[in-house]
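Given next are the chains, with one letter for each unit.
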Amino acid sequence: MIDDDPITRQLLSDILCTVDGFQTDVASNGIIGVQKAKENNYEIIFTDLTMPELNGLGVLKEVQSINPHLPVVVVTGLSTIDVAINVMKEGANDFITKPFKINTITSTVERILGEKKLLDRMSAKEHYQGAVERLNSELFQKLQKINLLQAINTELNSIYDNGKIYQTIVEMASKLLLVREASFGIVEDGYFKVKKVIGLKEKNVPIKATLFETMIKSRRYYLANPGEINPHTELPLEYPFIAFPFLIKEEVFGLLTLANKIDGSSFTDDDISLALTLVNNTALRIENNVLYEIVYNNLVNSLKALVISIEARDPYTRDHSERVTAYALQIAEVLNLSDEDKDAIKFGGSLHDIGKIGIRDGILLKPGKLTEAELADIRLHPIIGDNILKPLMFFPKEREIVRYHHEHYDGGGYPDGLAGEQIPIIARVLSVADAYDAMTSTRPYRKALSHEQAKAEIIRCVHVQFDEAVVNAFLLTPVGTGVDSKEKLLTPLGQKENLGT
Ligand SMILES: [Fe+2]
């Protein structure tokens, strides 16, 4: 066992020595390891991948030049799994991921020694070729599964919504282990609350006195025996069933179940280790998402409080941001925008005028018409707002709303004079919602317009101020059709103003 980490090399050596009764030897770096391999007649070499001086790949090449038939097993952390794949392609016999389990080591050694014996026995050329082909196909299958895992990880990393992650886990795990039945559920209030199922009824399951209860207590995966009660069906199992816990902060918060393999076989060690890799990686991802959500929500709530305090200074704009957000979400729904865009509207909408914190009360609360200089000051609020959010790295989409909600479709808006599609769609949506609410609210210098008047004004400003597609969508929303409209005062049109300022 070649490893620069004394604990790992001693642990592996001890496992093989005490559990399996092998004679073992250790080396603290690649150079010493290769030297020992020259001097001794080892049956298997285990080597760490990342080591100073001579790394695992170097060790493999050196060992191959000494004895091409000496099996080399690479021991690696998950983060270097793609490197491990390359090492396999270079001719390593197998790889093991850290932290390893006793039976993984044992079964790897048994397999390698078994194959070696097989090769020794099959001296006839065709037999030998058959064995090589079989080994190659096993290797190929293993590589395929690793590649699949890699693809899954890449895919999971691009999803930020836990609901979608649950769905992906079930779909991927069922493909990876080739099962007919799979489910993912959350452990809550004594129930296994299903979030995604394949081949099963979408039904919550009481946990008490089921095998779920056992595994939640042990916090380990559970391979059920035939005849045990299937928690999903409450009937004795007639096929293999396995469940894996998802832990956040050492607590089981969710379970993945897999059952009924398509080929009718049982779950192998390989299946279990693949599923565990998937589960462990995803659990980390979900945990990060949950933590992110907590931090995000806390921050958004603080910022919302700030906006409420700005709006509270001015009785005419009270609750403006919340209404604008509600209208904008209705438009987003009609436009069928992505969940990500809707989330940005939900939070960005509440914050769109946050920059007004930087505008003097004398201007913000002025009852009369604003002078050019005062207007110029007010028009700074998108930039001020953007600057407030900029240091909070995780608001890129929300910032687009804050910065661009006063841009006009023809390029005549502020602060950047963007036009058409240059203006992010979420900002174009907010702009219509903002204008509608501004017009249908009473302002110090004019009373509120009626729904019909505001609608007419918005239609009049299509192509100039607004995107036609967004306006059309708005006209289909509950608020746009007047179904949802807030209380309004019917008064003659006030002076022409910049809508939504
Ligand atoms: Fe604004």
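Keep in mind the model is a prediction, meaning the values are calculated, not measured.

J.: When you look at the overall build of the chain in this model, what are you seeing that I'm missing?
T.: In terms of helices and strands, the chain carries 18 helices and nine strands. Buried residues in the chain amount to 46% of all 501 residues. Taking the contacts inside the chain whose residues are at least 6 apart along the sequence as the reference set, 62% of them involve residues at least 24 apart. Total accessible area on the chain is roughly 24,700 Å²; 54% of this is exposed by carbon and sulfur atoms.

J.: Where do I start with the pattern of salt bridges in this structure?
T.: This model, assessed by the stated rule, comprises 18 salt bridges. In this structure, the salt-bridge partner of Lys 193 is Glu 188, at a minimum N-O distance of 3.1 Å. The salt bridge involving Asp 386 is made with Arg 399; its shortest N-O contact spans 2.6 Å. Taken together, the residues span a long stretch of sequence, with Asp 386 in helix α14 (residues 381–389) and Arg 399 in helix α15 (residues 396–404) at a distance of 13 residues. By relative accessible area, which is 23% here, Arg 399 ends up partly exposed. Via salt bridges that share partners, Asp 386, Arg 399, Arg 403 and Asp 416 belong to a single interconnected network.

J.: Explanation requested: α14 in the structure shown.
T.: Side chains three or four residues apart in an α-helix point the same way, a direct result of the helix having 3.6 residues per turn. Among all positions in α14, only His 381, Pro 382, Gly 385, Asp 386 and Leu 389 are buried. Taken down its axis, α14 places every buried residue within 135° of arc, on the same side. Contacts made by the buried residues of α14 are with α9 (269–313), α11 (339–351), α13 (372–378) and α15.

J.: Help me understand the sheet that holds strand β9 (residues 251–261), please; the structure alone is not making it clear to me.
T.: Strand pairing in a sheet takes place through backbone hydrogen bonds and is either antiparallel or parallel in direction. Read from one edge to the other, the open sheet built from six strands follows the order β6-β5-β4-β9-β8-β7, with strand pairing classed as antiparallel. The open sheet is flanked by β6 (205–206) and β7 (222–224), the only strands paired with a single partner. Note that strand β4 (residues 179–188) and strand β5 (residues 191–198) share seven bridges and pair antiparallel. Bridged to Phe 184 within β5 is Lys 196. In the packing of helix α8 (residues 211–218) onto the sheet, the strands contacted are β4, β5, β6, β7, β8 (241–248) and β9, and the crossing angle to β8 comes to about 40°. Of the strands in this sheet, β7, β8 and β9 touch α9, which is tilted by about 30° from β8.

J.: Mind showing me how you'd approach α11 here?
T.: Helix length check: α11, at 13 residues, gives a terminal C-alpha distance of 18 Å against a target of 18 Å (1.5 Å per residue), a fit within 8%. The set of residues buried in α11 consists of Asp 341, Lys 342, Ala 344, Ile 345, Phe 347, Gly 348, Gly 349, Ser 350 and Leu 351. If you follow the buried residues of α11, they end up packed against α9, α10 (320–335), α14, α15 and α16 (425–439).

J.: Help me understand the packing of aromatic side chains, please; the structure alone is not making it clear to me.
T.: Between two aromatic rings, the relevant description is the distance of the centres plus the angle of the planes. For the structure shown, the criterion picks out seven aromatic pairs. Feature note: the residues Tyr 166, Phe 184, Phe 246 and Phe 253 constitute an aromatic cluster, connected by ring pairs.

J.: I keep staring at the coordination of the iron ion and nothing clicks. Help me out?
T.: Ideal donor angles around a metal are set by the shape: a four-donor tetrahedron calls for 109.5 degrees, a six-donor octahedron for 90 or 180 degrees. Surrounding the iron ion are the protein donor atoms Asp 353 (OD), His 381 (NE2), His 405 (NE2) and His 406 (NE2), which sit 2.1 to 2.3 Å from the metal. Each of the four donor atoms bound to the iron ion contributes to angles spanning 81 to 169°, and the resulting shape is irregular. Mapping the donors of the iron ion onto the primary sequence yields the spacing D-x27-H-x23-H-H. Residue Asp 353 is located in the loop between α11 and α12 (361–364), and its partner His 406 is located in the loop between α15 and α16; the two are separated by 53 residues in the primary sequence. His 406 matches Asp 353 in its accessibility class, with the two residues each being buried.

J.: Would you mind going over the sheet that holds strand β2 (residues 72–76) with me for this structure?
T.: With parallel pairing, three strands are arranged side by side in an open sheet as β1-β2-β3. On the outer flanks of this sheet lie β1 (45–48) and β3 (94–97), each paired with one strand and no other. In this sheet, neighbouring strand axes are inclined to one another by 25° on average, regardless of whether the strands run parallel or antiparallel. Where β1 meets β2, four bridges bridge the pair, whose relative direction is parallel. In the sheet register, Thr 47 faces β2, and the bridge partner there is Val 74.

J.: Help me understand the environment of Val 179, please; the structure alone is not making it clear to me.
T.: You can see Val 179 is positioned in strand β4. Those residues in contact with Val 179, other than ones at most four positions away along the chain, are Ser 174, Leu 258, Ala 259, Asn 260, Lys 261, Ile 262 and Phe 267.

Thresholds, definitions, all that
Position numbers for residues start from 1 in each chain and track the written sequence from start to end. Owing to the predicted nature of the model, reporting of local features is limited to residues with pLDDT of at least 70; listing and counting of side-chain atom pairs is limited to 80 or more, with chain, interface and lining totals taken over all residues. Each side-chain value is derived from all of the structure's non-hydrogen atoms; neither hydrogens nor water enter the calculation. By definition, any uninterrupted DSSP run of H or I lasting at least four residues is a helix, any uninterrupted run of E lasting at least two residues is a strand, and each is numbered from the N terminus. Accessibility here uses a 1.4 Å probe with only protein chains present; expressed as a share of the type maximum, an area under 20% marks a residue as buried, one over 50% as exposed, and anything in between as partly exposed. Contacts are residue-level and defined by heavy atoms, with any inter-residue pair within 4.5 Å sufficient. Using the Shrake-Rupley algorithm and a 1.4 Å probe, accessible areas are obtained, with residue cover drawn only from the displayed protein chains. When a carboxyl oxygen of Asp or Glu is within 4 Å of a side-chain nitrogen of Lys or Arg, the pair counts as a salt bridge. Note that the arc is defined by the directions from the helix axis to the C-beta atoms. Here, strands pair whenever DSSP counts at least two bridges between them. Axis definition: a line fitted to C-alpha atoms, limited for helices to the stretch in contact. Angles are taken between N-to-C directions and run from 0 to 180 degrees. Here the expected length of a helix is defined as 1.5 Å per residue gap, with one fewer gap than residues. In this analysis, rings of Phe, Tyr and Trp, with Trp reduced to its six-membered ring, are considered paired at centre separations within 6.5 Å, and the interplanar angle assigns stacked below 30 degrees, edge-to-face beyond 60, and tilted for intermediate values. Only nitrogen, oxygen and sulfur atoms qualify as donors, provided they sit within 2.8 Å of the metal or within 3.2 Å for Na, K and Ca; with water excluded from the atoms, sites may seem incomplete. Think of it this way: with four donors and all angles in the 85 to 135 degree range, the site is tetrahedral; with four or six donors, opposite ones beyond 155 degrees and the rest between 65 and 115, it is square planar or octahedral; otherwise it is irregular.

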